[in-house]
Every structure is written in structure tokens, then in C-alpha cells.
Amino acid sequence: MIKMDRRAALALMAGLASTVLTRPAAALMISDYSDEGLTKLEAWGKPYLLDFYARWCVTCAAQQRVLDSLIEADPRYADILIVRVDWDKFGRGELATRLAIPRRSTLVMMRGTTELGRLVAETREDKIAALLELGVA
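So, how was this worked out
Residues numbered from 1 in each chain as written. Predicted model: local features only at pLDDT ≥ 70, side-chain atom pairs only at ≥ 80, totals over all residues. Heavy atoms only, no water. Helix = DSSP H or I, 4+ residues; strand = E, 2+ residues; numbered from the N terminus. Contact = heavy atoms within 4.5 Å. Areas by Shrake-Rupley, 256 points an atom, 1.4 Å probe, with all protein chains shown as cover. Buried < 20%, exposed > 50% of the residue type's maximum accessible area, 1.4 Å probe, protein only. Pairing = 2+ DSSP bridges. Phe/Tyr/Trp six-rings, centres within 6.5 Å; stacked < 30°, edge-to-face > 60°.

Trainee: Where do I start with the overall build of the protein in this structure?
Mentor: Helix and strand counts for the protein stand at six helices and six strands. Sequence-ordered secondary structure for the protein, helices as α and strands as β, is α-β-β-α-β-α-β-α-α-β-β-α. Taking the intrachain contacts of the protein between residues at least 6 apart in sequence as the baseline, contacts between residues at least 24 apart amount to 66%. Surface summary for the protein: the accessible area is close to 7,500 Å², and the carbon and sulfur share equals 52%.

Have a look at this one:
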């Protein structure tokens, strides 16, 4: 495992974050998936959430609204980087195959290369909150 100081970790997050949404109470960190970015995250060792989504997916949009709400309500969740994996581009790719992702609207909490938990097509706030808790515990 590669150790990083705070400055290197912040630089990594800044480099990964191609899209950042902000809210008054907390910031939601979202990065688009890339092989290189994922390799860096795996070495970083902090929890991150893989969000297999499609722009046209109603369930994915519902999950995003729940994530927004939870992060606004509990700023601890804002420290979890969300890596959005576009299903239309990567749904049949190496990452989805390796993790056995069955469909879009799949959320996977990771630390390094270890899966901490996953939800498939789940939009209930309590279930998504429980998944996020795995990233702050």
C-alpha cells in the first residue's frame, strides 16, 4: 500500500474531481471514472463509492437525490469520493466484469481493492445511509 500525506491526498482528489457539486452544508465530491484514476484511488486506501449510473436511468437519478440529501444532512459523508461509472461506456468493461456488476444503479463502497458493501437498484434512504456508513466507520 502506498502512503500519502495530506497534501498528496488533496492533490489526488483535486485531480480526480472533474465535476464538483457544492451545497451550503457540505460538498459532494464526484469524479468521472477512468482506469488511471481508479488505480490511484486503490493505492490511496481511503473509502470511495463506485456509482454505476446512466444519464437516462430513473433509479440512478433517485439514488443521486438520496445521496444529495444524506450528504447535506450528515457532513461526514461529504468526505467520501463518489466515482461515477457511466454504464453506457463501461457497463461491459473490465471493471464491471471484475466486480460482477449486474446492472446500472449499482452502488459499491470500496477501500483500495476491497469491496465493503453494495446496493443494486436500491433507493431507500436507510439502506444508502448504511452503505455510506461503511465509508466513515
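Anyway, onward from the coordinates.
Trainee: Explain unusual backbone geometry to me, please; I cannot follow it from the model alone.
Mentor: Both trends apply: most residues other than glycine have a negative phi, and most peptide bonds are in trans. The backbone phi angle of Ser 105 is positive, close to 65°, even though this residue is not glycine. In this fold, Ser 105 is placed in the loop between helix 5 (94-98) and strand 5 (106-111). Of note, the phi angle at Ala 121 is positive, near 55°, even though the residue is not glycine. Position of Ala 121 among the secondary structure elements: in the loop between strand 6 (114-120) and helix 6 (125-136).

Trainee: Before we go on, may I ask you to explain the environment of Arg 111 in this structure?
Mentor: Its place among the elements puts Arg 111 in strand 5. Residue Arg 111 is classed as partly exposed on the basis of its relative accessible area of 34%. Considered as a pair, Arg 111 and Leu 41 are 70 residues apart in the sequence and their alpha carbons are 8.4 Å apart. Not counting residues within four places of it along the chain, the set of residues in contact with Arg 111 comprises Gly 45, Lys 46, Pro 47, Tyr 48, Leu 116, Leu 134 and Ala 137.

Trainee: Teacher, can you tell me more about the pairing of strand 5 here?
Mentor: Each regular strand shows side chains that alternate between the opposite faces of the sheet. Of all six residues in strand 5, five are buried, a share of seventy percent or more. Sheet topology note: the strand 3 (residues 47-53)/strand 5 ladder contains six bridges and is antiparallel. By the bridge assignment for strand 5, Tyr 48 is matched with Met 110. In the sheet, strand 5 pairs with strand 6 via six bridges, with the strands oriented antiparallel. Bridge pairing in strand 6 places Thr 106 opposite Val 120. Between strand 5 and the antiparallel strand that follows it, strand 6, lie two residues; Gly 112 among them carries a positive phi value of about 65°.

Trainee: Would you mind going over the packing of aromatic side chains with me for this structure?
Mentor: The relation between two aromatic rings is expressed through the spacing of the ring centres and the mutual angle of the planes. Applying the stated criterion across every chain, the model contains one aromatic pair. Ring centres of Tyr 33 and Phe 90 lie 4.8 Å apart, and the angle between their planes is 75°; on these two criteria the pair is classed as edge-to-face. Highlighted residues: Tyr 33 in the loop between strand 2 (27-32) and helix 2 (35-44) and Phe 90 in helix 4 (residues 87-90), separated in sequence by 57 residues. Given a relative accessible area of 9%, Tyr 33 falls into the buried group. Among the residues examined, Phe 90 registers a relative accessible area of 29% and is labelled partly exposed.

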